[in-house]
Amino acid sequence: MTLPLAVLVTALLFGGVTLYAFGFAAALFTTLPAAQAGATLRRVFPWFYLLVIVGALVAMALWWPNDPLAAAVMGAVALSTWPTRQWLMPAINRATDAGDRRRFQALHGLSVGVTLAHIVAFGGLLWRVV
């Protein structure tokens, strides 16, 4: 019974992270002034990362009885999201506040890479079960 739930939680993470990364963030910057969009993202991103951590841990527990490899992948997602939330996002914010465009671009690129890796991980797990 846990396998269908594991797949469901993984699919929700896949869709949610993809929508957030490519839809929500982009929509904010096209509908709000840049300063307001940036301020909104600063408030929302910690909650987004917390949702990814909790979702990945739930999925890990659900995958474990049927697919320890999938459980390990979800554990890796949770583990890699924690430093992204706790250290990378604040560093991105500090670079923005300091007007350090070069540092911002490097750190933001890293955060995008982490998010893309998570999307690939979710998609890969879903691909395995179809």
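Residues numbered from 1 in each chain as written. Predicted model: local features only at pLDDT ≥ 70, side-chain atom pairs only at ≥ 80, totals over all residues. Heavy atoms only, no water.

K.L.:
So what about the side chain of Thr-10? Which residues, and what values?
P.N.:
Along the chain, the position of Thr-10 falls in helix H1 (residues 2-31). The class for Thr-10 is buried, based on a relative accessible area of 0%. Within the local environment of Thr-10, its side chain forms a polar contact with the backbone oxygen of Ala-6, the two atoms lying 2.7 Å apart. With near-sequence residues (within four places) excluded, Thr-10 lies in contact with Ala-59, Trp-63, Met-74, Phe-122, Leu-125 and Leu-126. (Helix = DSSP H or I, 4+ residues; strand = E, 2+ residues; numbered from the N terminus. Buried < 20%, exposed > 50% of the residue type's maximum accessible area, 1.4 Å probe, protein only. Polar contact = N/O pair within 3.5 Å; in protein donor to acceptor, adjacent residues only side chain to side chain. Contact = heavy atoms within 4.5 Å.)

K.L.:
Please provide a residue-by-residue account of the pattern of salt bridges, values included.
P.N.:
In this structure the tally under the stated criterion is 2 salt bridges. Arg-42 is paired through a salt bridge with Asp-97; the nearest N and O atoms lie 2.6 Å apart. Here Asp-97 lies in helix H3 (residues 68-98) and Arg-42 lies in helix H2 (residues 34-63), a separation of 55 residues in the sequence. The class of Arg-42 is partly exposed, set by a relative accessible area of 30%. For Arg-128, the salt bridge goes to Asp-67, with nearest N and O atoms at 2.8 Å. Of this pair, Arg-128 sits in helix H4 (residues 101-129) while Asp-67 sits in the loop between H2 and H3, placing them 61 residues apart in sequence. On the accessibility criterion, Asp-67 (12% relative accessible area) is buried. (Salt bridge = Lys/Arg side-chain N within 4 Å of Asp/Glu carboxyl O.)

K.L.:
Tell me what's going on with the nonpolar core, and back it up with residues and numbers.
P.N.:
Counting 32 residues, the largest nonpolar core has Phe-45, Phe-48, Trp-63 and Met-74 as its most contacted members. Here Met-74 is in contact with Thr-10, Leu-13, Ala-56, Ala-59, Met-60, Trp-63, Phe-122 and Leu-125, once residues within four sequence places are set aside. (Core = buried A, V, L, I, M, F, W, Y, C linked by side-chain atoms within 4.5 Å.)

K.L.:
Requested: an account of empty space enclosed by the protein, with residues and values cited.
P.N.:
Applying the stated criterion to the full structure yields 1 cavity of 30 Å³ or more. Quantified by volume, the largest cavity comes out at close to 40 Å³. Around the largest cavity sit Val-17, Phe-48, Tyr-49, Val-52, Thr-81, Thr-115 and His-118, which together line it. Elements that contribute at least two residues to the lining of the largest cavity include exactly H2 and H4. (1 Å grid on protein atoms, 1.4 Å probe; cavity = no way out; pocket = protein on both sides within 12 Å on 5 of 7 lines; lining within 4 Å. Points joined across faces, edges and corners; volume = space filled by probe spheres on them.)

K.L.:
Kindly report on H1, identifying the contributing residues and their values.
P.N.:
Taking 1.5 Å of rise per residue, the 30 residues of H1 would be expected to cover 44 Å, and the 41 Å separating its terminal C-alpha atoms lies within 8% of that figure. Ala-6, Val-9, Thr-10, Leu-13, Val-17, Tyr-20, Ala-25 and Leu-28 are the residues of H1 that are buried. Close packing links the buried residues of H1 with H2, H3 and H4. (Expected span 1.5 Å × (residues − 1).)

K.L.:
Residue-level account of the packing of aromatic side chains, with values.
P.N.:
The tally for this structure, following the rule as stated, stands at 6 aromatic pairs. On the basis of an interplanar angle of 85 degrees and a centroid distance of 5.8 Å, the ring pair of Phe-45 and Phe-48 is categorised as edge-to-face. On the criterion of helical spacing, the pair formed by Phe-45 and Phe-48 is a turn pair, its members being 3 residues apart in helix H2. The residues Phe-45 and Phe-48 share a single accessibility class, namely buried. Among the aromatic residues, those joined into a ring-pair cluster are Tyr-20, Phe-24, Phe-45, Phe-48 and Tyr-49. (Phe/Tyr/Trp six-rings, centres within 6.5 Å; stacked < 30°, edge-to-face > 60°.)

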